[in-house]
Amino acid sequence: MLGKFFQKPNSDQQDRVPPGQKLAKGFPVLTYGQTPNVSIATWEFKVWGLATSKTFTWEDFLAMPQQDFTADFHCVTTWSKLDVQWTGVKVIDFMKYVEVDPNAVHIMEHCYGSYTTNIALEDFLREENFFAHTLFGEPLPPDHGGPMRLIVPHLYAWKSAKWINGLEFLDKVELGFWERNGYHQRGEPWAEERYSSR
Ligand SMILES: Nc1nc2c(c(=O)[nH]1)N[C@H]1C(S)=C(S)[C@@H](COP(=O)(O)O)O[C@H]1N2
Ligand SMILES: [Mo]
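So, here is what we can say about the structure in this document. (Residues numbered from 1 in each chain as written. Chains lettered and ligands numbered in written order. Predicted model: local features only at pLDDT ≥ 70, side-chain atom pairs only at ≥ 80, totals over all residues. Heavy atoms only, no water.)

Scanning the chain for helices and strands turns up 4 helices and 12 strands. Over its C-alpha trace the chain gives a radius of gyration of 16 Å, about what one expects of a compact globule, namely 16 Å for 198 residues. Dimensions of the chain, computed from C-alpha atoms along their principal axes, come out at roughly 50 × 40 × 30 Å. Within the chain, contacts between residues at least 6 apart in sequence are counted, and of these 64% link residues at least 24 apart. Surface exposure of the chain reaches about 9800 Å², of which carbon and sulfur atoms provide 52%. Charge centroids of the chain, computed over 19 positive and 25 negative side chains, lie 7 Å from each other. (Helix = DSSP H or I, 4+ residues; strand = E, 2+ residues; numbered from the N terminus. Rg over C-alpha atoms; globule rule 2.2 N^0.38 Å. Contact = heavy atoms within 4.5 Å. Areas by Shrake-Rupley, 256 points an atom, 1.4 Å probe, with all protein chains shown as cover. Lys, Arg positive; Asp, Glu negative; His and termini not counted. Charge placed at Lys NZ, Arg CZ, Asp CG, Glu CD.)

Shown next, in the form of structure tokens:
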């Protein structure tokens, strides 16, 4: 039974749905806790730890190269959404403005509202990752992480921090919110890295 919330993938979508996932109708919202109210006027994005500390404003982000992206989205609670359309800034373009210490190997993503999630530096620096401020041609709605969120298409979506406002560069793995609560450290959907075995 697919019911109200799921749909059957068509033939060219079938091999893009990871094991144990179903295609969602629409675009569900998945947030732990309250949606923070974040104003663009006071928005700030900081980098610190094993990187030269720096603060970026909204204008700084908009002055970076802007691109459209189409990406698949996989939530560990077993729903996926294919071909989501976003606009924003590639992580590797943003990172041209960040000076990272050679000892950094891992990152903690920080957010308005205090959610955290960790990611290996090499998973973060992938070509296909981006910061998004626009969803299907409209300003990113607050529920979906507006004004700005990260999208990491190759990992489960809990790594795609909504309301992201900082990156802390680390010389070792530290666990974010869901990772401390039993989710996998990395979260690769094709390997079904859902939960930690610790
Ligand atoms: N700040 C923050 N980011 C977050 C979350 C959250 O609760 N807070 N939930 C994560 C999870 S589990 C998923 S599946 C996606 C959901 O994004 P959506 O609500 O836009 O579908 O955001 C991720 N990013
Ligand atoms: Mo999720």
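Under the defined criterion, the tally for this structure stands at 25 aromatic pairs. Considering the side-chain rings of Trp86 and Phe130, the 6.3 Å spacing of their centres and the 55 degrees angle between planes classify their relative orientation as tilted. Taken together, the positions of Trp86 in strand 6 (residues 79-90) and Phe130 in strand 9 (residues 130-135) put the pair 44 residues apart, joining distant regions of the chain. Take Trp86 and Phe130: they sit in the same class, and that class is buried. (Phe/Tyr/Trp six-rings, centres within 6.5 Å; stacked < 30°, edge-to-face > 60°. Buried < 20%, exposed > 50% of the residue type's maximum accessible area, 1.4 Å probe, protein only.)

The subject of this paragraph is the state of the cysteines. Scanning the entire structure with this criterion turns up 0 disulfides. With no disulfide of its own, Cys111 lies 15 Å from the sulfur of Cys75, the closest cysteine sulfur. Given a relative accessible area of 7%, Cys111 falls into the buried group. (Disulfide = S-S within 2.5 Å.)

So, on to the site of ligand 1. Neighbouring ligand 1 are 20 residues, the closest being Pro28, Tyr32, His144, Arg149 and Lys162. Here Leu30 contributes a backbone N or O atom positioned 2.8 Å from an oxygen atom of ligand 1. At 2.6 Å from an oxygen atom of ligand 1 is found a side-chain nitrogen or oxygen belonging to His144. Protein chains bury 99% of the 530 Å² of accessible surface belonging to ligand 1 in isolation. Partitioning the shell around ligand 1 into residue classes produces 14 nonpolar, 3 polar and 3 charged. (Near = heavy atom within 4 Å. Polar contact = N/O pair within 3.5 Å; in protein donor to acceptor, adjacent residues only side chain to side chain. Nonpolar A, V, L, I, M, F, W, Y, C, P; charged D, E, K, R; others polar.)

Here the focus is the sheet that holds strand 7 (residues 106-111). Ordered in space as 4-3-12-7-8, the 5 strands form an open sheet in which the pairing is mixed. Each of the sheet's edge strands pairs with one partner strand only, and the pair in question is strand 4 (54-57) and strand 8 (116-120). Here the average twist between neighbouring strands, direction ignored, is 20 degrees. Pairing of strand 7 with strand 12 (residues 164-170) involves 6 bridges; the strand directions are antiparallel. Across the sheet, Ile107 pairs through a bridge with Phe169, a residue of strand 12. (Pairing = 2+ DSSP bridges. Axes fitted to C-alpha atoms, helices over the stretch in contact; angles between N-to-C directions.)

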